[in-house]
Amino acid sequence: MDSSDYRHLIDEASFGFVHHKLVYDSKGHAVDFHILEVNRAFEELTGLKREAVLGRNASDTIPQSALNELDLLPLFEKVVSTGKKKENELHSRVLKRWLRVETLSPKKGYLSTFIFDITREKMVAETSRYYLEQNIGEPDYQRLTETLAELTGARCVMLSIIDPNEKEFEVVASCGASDDFDRAAKSIGFDVRKRKWMVDTDIMESLSEKGIIRITVQDHLREIGLSEEQVDALMDAYRPGEVAVAGVARDDRMLGHFTIVMPPDQKFRSDSLVEIFTRQMGLILDRNLAEDKIQHQTHLQEILMKIASTYINVPLGEMERMINDSLVELAAFARADRVYIYEYNWDRQFCRNTHEWCAEGIERQIENLQRVPFELMMPLIEVHKTGQPLDIPDVTTLPDGNFLRDHLMAQEVKSLITLPLIKSGKCIGFVGFDSVSERYSYTDKEKGLLKLFADMLVNTKKRSELESQLIVEKEKAQAANKIKSEFLANMSHELRTPLNGIIGFTDLLDATPMNNIQKMYLENVSISANVLMGIINDILDFSRIEAGRMELHPVRTDIIALVDQTMAIMEYQAAKKGLRIFHEIQPDYPRYAEVDPVRLKQVLMNLLSNAVKFTEEGEVELTVGFEATDSQNGKLFFHVRDTGIGITEEQRSKLFQAFSQVDSSISRRFGGTGLGLIISSQLVEQMGGNLGMESTFGVGSTFFFWIPAPYETEEVPVGDSPGRVPDQRKRGT
């Protein structure tokens, strides 16, 4: 092959070719290279004409910015010094291309460089790598937009995502010409990147058919809703070159598009590159939309689970607040601007708005919607009676003259969905979601999950009605119980007055001369009268407590003397049964505390009386303790232990019930009203303390309680109290 054939092959090659030699300075360092030959592909790649570069140094013909960016001299020097071919990949921002450069040295000081445009391959690799690197979440739209701008040499690139309803799109990323955007926004009064636009159906059809189209900017701006004045102002401020729109699709479904604006007077010439890019972008968007949908529905399920668990446990008084909080959470999920609940009144044939939440800037409507006649709501009612939701993705599709359309348009509602509230097969109202700022179309899955929320509201209403009914019934029962207690209190008082007379005259009669038979009869009358007085006193105390009429009168009390007096009374009863009874007082126990001495003594007497009553042999012990909570207040502890019959686990449930004993046999054997423990427990609670018990059947029981009380920290002289005997902690018989 002669040299002319060789030159012809090189000149027709698809790769760029440069034959050149190095230029050295006086110290032998390469400072430039002299171009001897280039081919046609070199001219196309660089935009430099052959006649302009042949026989000249690179620094005289190639822009210095390009030379600095490529930094080829070190590569050329290495090839010449080693004699080995070198290969390198680099990106030129000036040329807006990725290049693979292969250089060899056919003879000393001379070089042949082959330049391959690998932009297409790099773009495929870059977008594929980006796709594989993506985790669940929002793609880096800005990065993708900037990459496409570099590859196409565009002045500006904008990425728009189309809503699922395919009626609107939103610019999610843009790059280039930010100053121009600002000037344009100022001239037309808003930023085109910060609002949603109606989809141009003609452009969408063309994109679906061709993938990439060129558009006339003015016509497109008019189509998406700008006025003539705004179009003229935008063109004057921006002065775009050719504009191309590249669709991003997946499975014949348009997901978005790139708008590529070239510099003034430049054409868009990157169709094949952009087609590859948008195919990869379609995969990214499709996967992200699928992941978004899963996350969106999972989020709704979490919200509903949270609402359901809260509704189960929330007190009735908190229910209104909980419903309003739920509306806020669901509004955020559903991208709704207004959420509301309506209640149907079938008897009066109207409905009313009972709950409403509105986003910021959205006008409230609840005050105006309290008595809406059924005839104005028939489109909703007819659907709701079937148990189905009414879903209107686009309000403008409703027939003209329809009240519902006019009503919604007046509120600037673009989309809505309403879900019926069905209770026992009857529609009692509905919950609705309005989209005002943008249209929204619900999937079947979302409709089903929102329907679950509607069912929760119905169950909540049932629970609310049931609890309200229970409260009314409870209040009635409490009122009746209070009346009963007041009656018992009054009757007990009326019974006690004549009974006191019987006891008094019996005592007087006992002082008169009588024979033995008469004295025996009189003694039985006296015993019976005193037993009856004890029963009446118990009923009177219980009735006062039940009626809320029991009052405490705390005073400074000698606690040790009170304990000793109580034990002295009980010693006689214990001695009659042959029982040992004694008490133990904590050594540092304060002598004086502020308590109601009558009621404290009553509790101690009740517990000690029961201990003696239910103990046949052994002992009864009262232990008295103290614990200071600060320098002036403390807790008084009392434990009454016996070795009596004990109580089973089954019997404990009846222990603190009024008018009951652990079983009927005990009632017959030991007698009593069964009010002693319940009165004692309630008195202790009224004093601010607590009463409890421990028991082992057949072994014995211990009843214990504590009450809070202010106390005095004064020294008690040795021997000052019968309960404080030197070197003797226990006292009793």
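Predicted, not measured: the structure shown is a model, and the values here were computed from it.

### What about empty space enclosed by the protein?
- A complete count under the given rule lists four cavities of 30 Å³ or more for this structure.
- Estimated volume of the second largest cavity: approximately 130 Å³.
- Around the second largest cavity, the lining is made up of 17 residues, and of these Tyr 340, Tyr 342, His 407, Leu 408 and Asp 434 lie nearest the centre.
- At the level of secondary structure, the elements contributing two or more residues to the lining of the second largest cavity comprise strand E12 (338-345), strand E13 (350-358), helix H16 (403-410), strand E16 (415-423) and strand E17 (426-435).
- By residue class, the composition of the lining of the second largest cavity is nine nonpolar, five polar and three charged.

### Brief notes about the sheet that holds strand E1 (residues 16-24)
- Spatial strand order, E2-E1-E5-E4-E3: five strands in an open sheet with antiparallel pairing. On the outer flanks of this sheet lie strand E2 (30-38) and strand E3 (86-92), each paired with one strand and no other. Here the average twist between neighbouring strands, direction ignored, is 30°.
- Two strands pair when backbone bridges link them, and E3 and strand E4 (residues 97-104) are joined in this way by seven bridges, in the antiparallel orientation. What sits directly across from Leu 90, in E4, is Leu 99.

### Some points on the pattern of salt bridges
- Taken as a whole, this structure holds 19 salt bridges when the rule is applied.
- With a shortest N-O distance of 3.9 Å, Arg 214 and Glu 242 are connected by a salt bridge. One end of the pair, Arg 214, is in strand E9 (residues 212-215); the other, Glu 242, is in the loop between helix H12 (228-238) and strand E10 (243-250), and 28 residues separate them in sequence.
- For Glu 621, the salt bridge identified is with Arg 641, shortest N-O distance 3.0 Å. Of this pair, Glu 621 sits in strand E21 (residues 619-628) while Arg 641 sits in strand E22 (residues 633-642), and the two are 20 residues apart along the sequence.
- Note on Arg 641: relative accessible area 26%, which makes it partly exposed.
- Taken together, the salt bridges that share partners define one network made up of Arg 338, Glu 356, Arg 364, Glu 367 and Asp 434.

### Some remarks on the sheet that holds strand E15 (residues 390-392)
- The strand order across the open sheet built from six strands is E14-E13-E12-E17-E16-E15, with neighbouring strands paired in antiparallel fashion. Looking at the sheet topology across the chains shown, the edges are occupied by strand E14 (372-373) and E15.
- In the sheet, E16 pairs with E17 via nine bridges, with the strands oriented antiparallel. Note on E17: the bridge partner recorded for Leu 416 is Asp 434.

### As for the environment of Arg 40
- With respect to the helices, strands and loops of the structure, Arg 40 is situated in helix H2 (residues 40-46).
- Take Arg 40: its relative accessible area is 40%, and that puts it in the partly exposed class.
- Separated by 28 residues in the primary sequence, Arg 40 and Glu 12 place their C-alpha atoms 7.0 Å from one another.
- In this structure, Arg 40 is in contact with Asp 11, Glu 12 and Arg 50, ignoring residues within four places of it in sequence.

### Points about the nonpolar core
- Counting residues in each nonpolar core, the largest one holds 45 residues, and the members touching the most others are Leu 600, Leu 622, Leu 636, Phe 638 and Phe 705.
- In terms of residue count, helix H20 (residues 597-613) provides more of this core than any other element does, eight residues in total.
- Leave out the neighbours within four places in its chain, and Leu 622 touches Val 563, Met 567, Phe 582, His 583, Glu 584, Leu 604, Leu 608, Phe 638, His 639 and Val 640.

### Here's the deal with a nonpolar patch on the surface
- Among the surface-exposed residues, Ile 517, Met 520 and Tyr 521 lie close enough to one another that they form a single nonpolar patch of about 320 Å² accessible area.
- Turning to its location among the elements, Tyr 521 is positioned in helix H18 (residues 516-546).
- Looking at Tyr 521, the relative accessible area reads 51%, which means it is exposed.

### Observations concerning the side chain of Asn 39
- Mapped onto the fold, Asn 39 is located in the loop between E2 and H2.
- In this structure the side chain of Asn 39 is engaged in a polar contact, spanning 3.0 Å, whose partner is the backbone nitrogen of Phe 42.
- Residues contacting Asn 39, with those up to four places away along its chain left out, are Ile 10, Asp 11, Ala 13, Phe 15, Gly 16, Phe 17 and Arg 50.

### Structural notes on the packing of aromatic side chains
- Under the definition given, this model contains 14 aromatic pairs.
- Here Phe 15 and Phe 116 contribute two aromatic rings whose centre-to-centre distance is 5.2 Å and whose plane-to-plane angle is 45°, an arrangement assigned as tilted. Of this pair, Phe 15 sits in the loop between helix H1 (3-12) and E1 while Phe 116 is found in strand E5 (residues 110-117), placing the two residues 101 residues apart along the sequence.
- For Phe 15, a relative accessible area of 21% puts it in the partly exposed group.
- The partly exposed category is assigned to Phe 116, whose relative accessible area is 22%.
- Plain terms: the ring middles of Phe 17 and Phe 114 are 5.4 Å apart, the flat faces sit at 50° to each other, and that makes the pair tilted. Placement of Phe 17 in strand E1 and of Phe 114 in strand E5 is noted, with a sequence separation of 97 residues between them. Just as Phe 17 is buried, Phe 114 falls in that class too.
- The ring centre of Phe 116 lies 4.5 Å from the NZ or CZ of Arg 100, which sits over that ring.

Conventions and cut-offs
- Residues numbered from 1 in each chain as written.
- Predicted model: local features only at pLDDT ≥ 70, side-chain atom pairs only at ≥ 80, totals over all residues.
- Heavy atoms only, no water.
- 1 Å grid on protein atoms, 1.4 Å probe; cavity = no way out; pocket = protein on both sides within 12 Å on 5 of 7 lines; lining within 4 Å.
- Points joined across faces, edges and corners; volume = space filled by probe spheres on them.
- Helix = DSSP H or I, 4+ residues; strand = E, 2+ residues; numbered from the N terminus.
- Nonpolar A, V, L, I, M, F, W, Y, C, P; charged D, E, K, R; others polar.
- Pairing = 2+ DSSP bridges.
- Axes fitted to C-alpha atoms, helices over the stretch in contact; angles between N-to-C directions.
- Salt bridge = Lys/Arg side-chain N within 4 Å of Asp/Glu carboxyl O.
- Buried < 20%, exposed > 50% of the residue type's maximum accessible area, 1.4 Å probe, protein only.
- Contact = heavy atoms within 4.5 Å.
- Core = buried A, V, L, I, M, F, W, Y, C linked by side-chain atoms within 4.5 Å.
- Patch = residues over 30% accessible without salt bridge, like charges linked within 9 Å, V, L, I, M, F, W, Y side chains within 5 Å.
- Areas by Shrake-Rupley, 256 points an atom, 1.4 Å probe, with all protein chains shown as cover.
- Polar contact = N/O pair within 3.5 Å; in protein donor to acceptor, adjacent residues only side chain to side chain.
- Phe/Tyr/Trp six-rings, centres within 6.5 Å; stacked < 30°, edge-to-face > 60°.
- Lys NZ or Arg CZ within 6 Å of the ring centre and 35° of its normal.

Shape is all these values report; function is a separate question.
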